[in-house]
Amino acid sequence: MRGRLVCPFCGHGEEPTPQPEPCPSCGVPLRYELPPSKAGWRGRVGRGVWRYRAFLPAVEPVSLGEGGTPLIPSRWLGPELGVRLHFKWEGANPSGSFKDRGASVLVSVLAALGVRRVADDSSGNAGAALAAYAARAGLGATLFVPAHASGKKLAQIRAYGAQLVSVPGPRPQATAAAKRACREDPELAYASHNESPYFETGLRTLAYELVEDLGGEPPDHVLVPLGGGGLYLGLVQGFRELMGLGFLPLLPRVHAVQAEACAPIARAWQRGLELPEPVRPERTIAEGVCIPLPPRGRELLAGLRETGGVALAVPEEEIEAAWRELPTREGVYIEPTSAVAVAGLKRLSAMGVINPGERVVVVLTGTGLKHPLSDV
Ligand SMILES: [Zn+2]
């Protein structure tokens, strides 16, 4: 397989393996790097994630038609704030979230490297995406989930034929159990949506699509909800690659929005830290962004500095208000986690970080069908 795994901080490099360890010096997850070429960009063909095949690992795609999602002009919020706003509608992906982009590339790589069984810790969209692509590739999948997890996402994971292992205790216990199981069983690969370089590689396609969809006039600002941060890092790396090739004049400001109930990156950013400190999470309806200590925290804070992005935290009442408004006023039925970014846009607009006339994209990460309004 072409490409290398590289530490984003010290440059340590390795050949691609199914389960790469973090950098031996820095302790951070490695990044997949392939020297992108202008010819590769010009040779893109088809639609969706694998349209950008020249920027992805050279493997046989395991695909369900992920990516190529709608970019929807805002009818209400954009005019109200005076900004040129588009929503990137990631709920239109095959399993209902942006995680399909990462899962497609990750499962394709693991299958090509001979892996037959995969594991991850997720009771949410990432678990559903991994289970879907594992099923598609004929791989076994085991998802370690907190014992308190419930609802439609678990039913979806089960429907794809994945095995669910219930882990007592708080969320980090499920991560520890998944890692332990993979250490004890060499046939079981840890296919982590938070740590695998291949997963993040698939998420870069979102940046490529935005640049294409906006006809070479890139957004001034992009807002994403932030939990583990893969989406954030994928977007920044994708923009970085296109800028390096001369297809993008400068990096958009990529802003990270967290729920106040669990906001380690926003707190670290406000204090000017280079590393986040763990927080004790409180309850939030935006369960997809509740990660008390993101494994790529150092890289996230560096990405914020590099793009001029702001990390901010929004309170529950603003998340819930945005969640209710989007379907009513824009016709888009989002999950509560997506509403975090919408609430963040209102705040950044009020703060004068985002100004009238600017081009803004808010990534709506997943469908509301798995988390209906009636459930709250
Ligand atoms: Zn390093």
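Residues numbered from 1 in each chain as written. Predicted model: local features only at pLDDT ≥ 70, side-chain atom pairs only at ≥ 80, totals over all residues. Heavy atoms only, no water.

Enquirer: So what about the side chain of T337? Which residues, and what values?
Expert: Relative to the helices and strands, T337 resides in helix α13 (residues 336-350). Exposure remark for T337: the relative accessible area of 6% places this residue in the buried category. Those residues within four positions of T337 in sequence are excluded, and the remaining contacts are P225, A286, E287, G288, V289 and T365. (Helix = DSSP H or I, 4+ residues; strand = E, 2+ residues; numbered from the N terminus. Buried < 20%, exposed > 50% of the residue type's maximum accessible area, 1.4 Å probe, protein only. Contact = heavy atoms within 4.5 Å.)

Enquirer: Outline the domain arrangement of the chain, supporting the account with residue identities and numerical values.
Expert: Accessible area lost on assembly of the parts is the figure often given for the size of an interface. Per the domain assignment, the segments making up the chain are domain 1 (4-48), domain 2 (71-97 + 198-375) and domain 3 (99-195). Between the C-alpha centres of domain 1 and domain 3 there is a distance of 22 Å. Facing the 4 residues of domain 1 at the interface are 8 residues of domain 3. Across the domain 1 to domain 3 interface the summed buried area is about 460 Å²; carbon plus sulfur atoms make up 61%. Considering only the side of domain 1, the residues that lose the most area to domain 3 are P18, Q19 and P29, jointly responsible for 83% of the buried surface there. Here domain 1 and domain 3 share 1 residue pair in polar contact (both at pLDDT 80 or more) between them. (Domains from an automatic or database assignment. Buried area = accessible area lost by both parts, 1.4 Å probe. Polar contact = N/O pair within 3.5 Å; in protein donor to acceptor, adjacent residues only side chain to side chain.)

Enquirer: Tell me what's going on with the coordination of the zinc ion, and back it up with residues and numbers.
Expert: Protein-derived ligands of the zinc ion are C7 (SG), C10 (SG), C23 (SG) and C26 (SG), with the metal-ligand distances lying across 2.3 Å. Around the zinc ion, the 4 donor atoms are arranged such that angles at the metal cover 104 to 115 degrees; this shape is classified as tetrahedral. Sequence spacing of the donors to the zinc ion: C-x2-C-x12-C-x2-C. One end of the pair, C7, is in the loop between β1 (4-6) and β2 (13-14); the other, C23, is in the loop between β2 and β3 (31-33), and 16 residues separate them in sequence. Per residue, the accessibility class of C7 equals that of C23, and both read buried. (Donors = N, O, S within 2.8 Å, 3.2 Å for Na, K, Ca; no water. Tetrahedral: all angles 85-135°; square planar, octahedral: opposite > 155°, others 65-115°.)

Enquirer: Tell me about the pairing of strand β13 (residues 359-364), residues and numbers included.
Expert: Summarising burial for β13: 6 of the 6 residues are buried, a large majority. Burial of the side chains of β13 extends over both faces: R359, V361 and V363 are buried on one face and V360, V362 and L364 on the other. By the bridge criterion, 6 bridges tie strand β5 (residues 84-89) to β13 in an arrangement that is parallel. In the sheet register, K88 faces β13, and the bridge partner there is V363. In this structure, strand β10 (residues 221-225) lies alongside β13, joined through 3 bridges in parallel fashion. Bridge pairing in β13 links H221 to V360. (Pairing = 2+ DSSP bridges.)

Enquirer: Before we move on, could you go through the packing of aromatic side chains and cite the residues and values that matter?
Expert: Counted by the stated rule, this structure contains 7 aromatic pairs. With 5.8 Å between their ring centres and 65 degrees between their planes, W41 and F55 make a pair best called edge-to-face. Of this pair, W41 sits in helix α1 (residues 38-42) while F55 sits in the loop between α1 and β4 (71-73), placing them 14 residues apart in sequence. Owing to a relative accessible area of 6%, W41 belongs among the buried residues under this scheme. (Phe/Tyr/Trp six-rings, centres within 6.5 Å; stacked < 30°, edge-to-face > 60°.)

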